[in-house]
Amino acid sequence: MEKHDERIIRGKISLFLSSKIETENEIKKQLEKKGKTIPTGLNFEYKELAYNSEVRKATISDIIQCKTSAKLSTILKCLEALDIPFPKFAKEFDEISNEKAIEQYLKLRG
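The following refers to the structure shown. Here the structure is a predicted model, which is why all the values come from computation and not from measurement.

1. Things to note about the packing of helix α1 (residues 6-33) against helix α5 (residues 86-95)
Where α1 contacts α5, the axes come no closer than 10 Å and their chain directions differ by 120°. Judged by the twist between their axes, the crossing of α1 over α5 is right-handed. Here Ile9, Lys12, Ile13, Phe16 and Lys20 of α1 come into contact with α5, specifically with Phe89, Glu92, Phe93 and Asp94. Looking at side-chain class alone, the contact of α1 with α5 contains five nonpolar, no polar and four charged residues.

Following this line, the structure appears as structure tokens:
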């Protein structure tokens, strides 16, 4: 069995969560611009994702900053908060290139 590079796994999860937070942040900005109310459950910052997934803010921050590996239970809680089914996560995770994941890891961890 081939050993997986932990940096790639951390980088991919970081990129995935960061992109989802950024997407919801854009939704929030558009709603504010139109003068509409922000729906509850929108994950537009680390703290919203932490609150909505019932995971400590520090844990979310450490995962996004590639400081630690995410447990499956944490990933599942985040996916539930983001309303993303696991197969969609797996597909998007696989679509992130190893090079992009390493680049993310090195950018955040040096």
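2. Overview of the state of the cysteines
In total, this model carries zero disulfides according to the counting rule given. Between Cys66, a free cysteine, and Cys78, which holds the nearest cysteine sulfur, the sulfur-to-sulfur gap is 14 Å. Look at Cys66 and you get buried, because its relative accessible area is 0%. Under the relative-accessibility criterion, Cys78 is labelled buried at 3%.

3. Observations regarding a nonpolar patch on the surface
A grouping of Leu72, Leu76 and Phe86 is seen on the molecular surface, where their side chains present a nonpolar patch of about 270 Å² in accessible area. Looking at the secondary structure, you find Phe86 in helix α5.

4. Digging into the packing of α1 against helix α4 (residues 72-82)
The interhelical angle for the contact between α1 and α4, taken along N-to-C directions, is 20°, at an axis separation of 12 Å. Taken together, the axis directions place α1 and α4 in an arrangement best described as roughly parallel. In terms of crossing hand, the pair formed by α1 and α4 is left-handed. Where α1 approaches α4, its residues Ile13, Phe16, Leu17, Lys20 and Glu24 are matched on the opposing element by Ile75, Cys78, Leu79 and Leu82. The residue makeup of the contact of α1 with α4, split by class, is seven nonpolar, no polar and two charged.

5. Describing unusual backbone geometry
Unusually for a residue other than glycine, Cys66 sits at a positive phi of about 60°. Among the structural elements, Cys66 can be located in the loop between α3 (57-64) and α4. The phi torsion at Asp83 lies on the positive side, around 60°, for a residue other than glycine. Along the polypeptide, Asp83 turns up in the loop between α4 and α5.

6. Thoughts on the packing of aromatic side chains
Here the structure, examined in full by the defined rule, presents three aromatic pairs. Ring geometry for Phe16 versus Phe89: centroids 4.8 Å apart, planes at 80°, classification edge-to-face. Of this pair, Phe16 sits in helix α1 while Phe89 sits in helix α5, and the two are 73 residues apart along the sequence. Taken individually, Phe16 and Phe89 each receive the classification buried, so the pair is uniform in this respect.

Calculation notes
Residues numbered from 1 in each chain as written. Predicted model: local features only at pLDDT ≥ 70, side-chain atom pairs only at ≥ 80, totals over all residues. Heavy atoms only, no water. Axes fitted to C-alpha atoms, helices over the stretch in contact; angles between N-to-C directions. Helix = DSSP H or I, 4+ residues; strand = E, 2+ residues; numbered from the N terminus. Left-handed = near helix turned anticlockwise from the far one by under 90°. Contact = heavy atoms within 4.5 Å. Nonpolar A, V, L, I, M, F, W, Y, C, P; charged D, E, K, R; others polar. Disulfide = S-S within 2.5 Å. Buried < 20%, exposed > 50% of the residue type's maximum accessible area, 1.4 Å probe, protein only. Patch = residues over 30% accessible without salt bridge, like charges linked within 9 Å, V, L, I, M, F, W, Y side chains within 5 Å. Areas by Shrake-Rupley, 256 points an atom, 1.4 Å probe, with all protein chains shown as cover. Salt bridge = Lys/Arg side-chain N within 4 Å of Asp/Glu carboxyl O. Parallel < 35°, antiparallel > 145°, perpendicular 65-115°, else oblique. Phe/Tyr/Trp six-rings, centres within 6.5 Å; stacked < 30°, edge-to-face > 60°.

Function-wise, these values are silent; they only describe arrangement.
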